[in-house]
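A structural walkthrough
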Amino acid sequence: MRKISFMITVLLLILTATACNKQADHPNNPPEMIEVDLSVNPKKAKPNEPVVFEAKVTQGKEVVTDADEVVFEIWRAKDEKHTKIEVKHVENGIYRLEKTFSQEGTYYIISHVTARDMHNMPKKEFVVGKPSEPEINNEKESMDEMNMEEHDPSTEGH
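Structure report, in brief. (Residues numbered from 1 in each chain as written. Predicted model: local features only at pLDDT ≥ 70, side-chain atom pairs only at ≥ 80, totals over all residues. Heavy atoms only, no water.)

Quick look at the nonpolar core
Core analysis: the biggest nonpolar cluster contains 25 residues, and F53, F72, F101, I109 and F126 have the highest contact counts within it. Of all the secondary-structure elements, those providing two or more residues to this core are β1 (34-41), β3 (51-59), β5 (69-76), β8 (94-99), β9 (105-115) and β11 (123-128). (Core = buried A, V, L, I, M, F, W, Y, C linked by side-chain atoms within 4.5 Å. Buried < 20%, exposed > 50% of the residue type's maximum accessible area, 1.4 Å probe, protein only. Helix = DSSP H or I, 4+ residues; strand = E, 2+ residues; numbered from the N terminus.)

So, the pattern of salt bridges
In total, this model carries six salt bridges according to the counting rule given. The partner of K88 in a salt bridge is E86, and the shortest N-O contact between them spans 3.3 Å. In this structure E86 comes out as partly exposed when scored by relative accessible area, which is 46%. (Salt bridge = Lys/Arg side-chain N within 4 Å of Asp/Glu carboxyl O.)

Overview of the layout of surface pockets
One simple way to see leftover space: roll a probe sized like a water molecule over the atoms. What the largest pocket holds in volume is close to 210 Å³. In terms of residues, the lining of the largest pocket owes the most to one element, β5, which gives three residues. Residue classes in the lining of the largest pocket are distributed as four nonpolar, four polar and four charged. (1 Å grid on protein atoms, 1.4 Å probe; cavity = no way out; pocket = protein on both sides within 12 Å on 5 of 7 lines; lining within 4 Å. Points joined across faces, edges and corners; volume = space filled by probe spheres on them. Nonpolar A, V, L, I, M, F, W, Y, C, P; charged D, E, K, R; others polar.)

Bear in mind that shape data such as this cannot, by itself, settle questions of function.
Below, the structure written as structure tokens:
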């Protein structure tokens, strides 16, 4: 009986050491980034016609069905009022929203996706009826605002 107990203990120690070794082989491999494929269908809709927004969330080849938060932010070009709608998982990593718009114009959507300690927020443009004047490239403007050296008053005149 003691021999069997000793053999089981040795076997468990060997298995534990092997498992720890495999983890040590890849100590600092970061997880793959989450990808968000945002789609708008149709991209040119008629007023009061349903528009379907889908965010397909993946990490590598795996679909993400357990995102912490998926929020669609939608607004009409040059409108300060942005609507934020939280959406839930529907199927196969897809988070979907169907919405109608009564006012014609150029619209934008950003999907704010937080999953597995990562955040991704792609943006798309779409039109309802007759397009309105689009916004200027907001990404460039916001990046310029972040360049503190250009906007630092202490560096002006030097």
